[in-house]
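# Architecture and fold: a report
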Amino acid sequence: MLEDYPKTMLEFDHRFGREAQCLEYLCALRWPQGVACPRCGGRKVWPMKGGRLLCSNCRHQIRVMAGTIFQDTHQPLRVWFHAIWQLTGQKYGASALGLQRILGLGSYQTAWTMLHKLRRAMVRPGRDRLTGRVEVDETQIGGLTRGRKGRGNPGKALVIIAAQEEGKGVGRIRLARIPDGSAQHLHAFVLSAIELKSQVHTDGWKPYQGLEALGYEHQISKLKGQGKEAATELLPRVHLVASLLKRWLLGTHQGAISPEHLDYYLDEFTFRFNRRKSASRGKLFYRVVQQATQVPPAPYKLIVGGNPAANHTPLGSVA
Ligand SMILES: [Zn+2]
């Protein structure tokens, strides 16, 4: 299917004002070759109420939203589409409070949950890894909320950043929260984020040793007698990304983020950063709706519980 998306607010309103229009769009993205009945393979279906399609051959009912992030939602698709339009339309994204106001949602929690589900849809399943020359370094994110988990949550998290070199600038990036800076986690991240045979550029931190054995070209830069701070000049791209990330977390979300939820924000930041040169809001909208049909549903409980870094997608099987 050709990438088909609204280009202006006016067009958006015109195209997605009714629930049936949203459902049709979702179907087209979910089944680009057209819907086929999972029971009989029939290709002729009729729209029904409640987001269902009826197979005209065997009368089987297909639930359009099953298996997507919209599964079991109480919100109309219109509201979801509007939320995505908001999320993709603002340079720095949307906060839960802002979304609640704009969409007139009954509760802050509803807005918060919707945003978190959408953040999951910002990671493309099966997305490709970085290639070429890639800088890698860790950074400490502080000022996170201590929240419910209380003990054992120091309000900080360690985030590892990979930034592709593009001339003097930064190409694409990958981010992940890691439990600590041990070789186990650093190596797992590099493997999940960077294509083999690429050149990985790090500082002299010992646990990075062994990347060559994994199949990378490893370039190490170190300044004699200086600590981690000196890496700013050695690895300028990751440090630029780190400072933009911190500013964004503080600015848009005012630091109201707990370490367990940080992963989702990293996904959103990565999505925005890697598409920062894409001028078209509609295209970002299209991408998120498309990915929303490919990402499994995330029940509220799972989202509230956070996501252990080890199971998070950038380090997992689909990354
Ligand atoms: Zn059928």
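The residue count restarts for each chain, going from 1 along the sequence in the order it is written. Local features in a predicted model are, by the rule used here, given only for residues with pLDDT of at least 70; side-chain atom pairs are given and counted only at 80 or more, and totals for whole chains, interfaces and linings are based on all residues. The side-chain numbers reported here are obtained from all heavy atoms of the structure, hydrogens and water having been left aside.

Before going further, it helps to spend a moment on the coordination of the zinc ion. Around the zinc ion, the donor atoms from the protein are Cys37 (SG), Cys40 (SG), Cys55 (SG) and Cys58 (SG), and they sit 2.3 to 2.4 Å away. Each metal's donors are the N, O and S atoms within 2.8 Å of it, or within 3.2 Å when it is Na, K or Ca, and because water is not part of the set, sites may look incomplete. When four donors show all angles between 85 and 135 degrees the site is tetrahedral, when four or six donors have opposite pairs over 155 degrees and all other angles between 65 and 115 it is square planar or octahedral respectively, and in every other case it is irregular. Considering all 4 donor atoms around the zinc ion, the spread of angles at the metal, 100 to 113°, places the coordination shape in the tetrahedral class. Read N to C, the donor residues that coordinate the zinc ion are spaced as C-x2-C-x14-C-x2-C. Pair noted here: Cys37 is in the loop between helix H2 (19-30) and strand S1 (45-47) and Cys55 is in strand S2 (residues 52-55), with a separation of 18 residues, a long-range link. Assigned by exposure class, Cys37 and Cys55 land together as buried. Under the DSSP-based scheme used, a helix requires at least four consecutive residues in state H or I and a strand at least two consecutive residues in state E, with every element numbered from the N terminus. Think of it in three bands: residues with accessible area under 20% of the maximum for their type are buried, residues over 50% are exposed, and the middle band is partly exposed, with areas taken using a 1.4 Å probe on protein chains only.

Our focus in this paragraph is the confidence of the model for the chain. Counting all residues, the mean pLDDT for the chain is 84, and 84% of those residues have values of 70 or more. Looking at the elements of the chain, mean pLDDT is at its lowest for helix H12 (residues 300-304), recorded as 66, and at its highest for strand S7 (residues 199-202), recorded as 96. For every residue, the predictor reports its confidence as pLDDT, a number between 0 and 100. Should any heavy atoms of two residues lie within 4.5 Å, those residues are considered in contact. Confidence over residues 308-319 falls short of pLDDT 50; this stretch has 28 contacts with residues more than four positions distant or in other chains.

Every α-helical turn comprises 3.6 residues, leaving residues that sit three or four positions apart pointing alike. Helix span, as expected, comes to 1.5 Å for every residue beyond the first. Counted at 1.5 Å a residue, the expected span for helix H5 (residues 108-120) with its 13 residues is 18 Å, and the 19 Å between its end C-alpha atoms agrees. Among the 13 residues of H5, 10 are classified as buried, and the element is accordingly described as predominantly covered. All buried positions along H5 are accounted for by Ala111, Trp112, Thr113, Met114, Leu115, His116, Lys117, Leu118, Arg119 and Arg120.

Across soluble globular proteins, you tend to see nonpolar side chains buried next to one another. With 68 residues, the main nonpolar core has Tyr25, Phe70, Phe81, Leu175, Val241, Leu245 and Phe285 as its most contacted residues. At 8 residues, the largest contribution of residues to this core is made by helix H3 (residues 77-89). In this structure Phe81 touches Phe12, Phe16, Cys22, Tyr25, Leu26, Phe285 and Val289, once residues within four positions along its chain are discounted. The next biggest cluster of nonpolar side chains, apart from the first, holds 17 residues, and it includes Ile160, Ala176, Ile194 and Leu211. Within this scheme, the nonpolar core is defined by two criteria: the residues are buried Ala, Val, Leu, Ile, Met, Phe, Trp, Tyr or Cys, and they are joined through side-chain atoms within 4.5 Å.

Only when DSSP finds a minimum of two bridges between them are two strands counted as paired. Taken in spatial order, the 5 strands of this open sheet run S6-S5-S4-S7-S8, and their pairing is mixed. Looking along the sheet, the strands with just one partner apiece sit at the ends: strand S6 (169-178) and strand S8 (217-220). Pairs of neighbouring strands in the sheet enclose a mean axial angle of 25°, with direction left out of account. Relative to S8, S7 runs parallel, the two sharing 4 bridges. Within S8, the position partnered with Gln199 by the bridge is Glu217. Angular values range over 0 to 180 degrees, each being the angle between N-to-C directions of two axes fitted as lines to C-alpha atoms, with helices fitted over their stretch in contact. Each of strand S4 (133-141), strand S5 (157-166), S6 and S7 touches helix H6 (residues 183-193); the most contacted strand, S6, lies at about 135° to it. Packed on one face of the sheet, helix H10 (residues 262-274) meets S5 and S6 and runs near 170° to S6.

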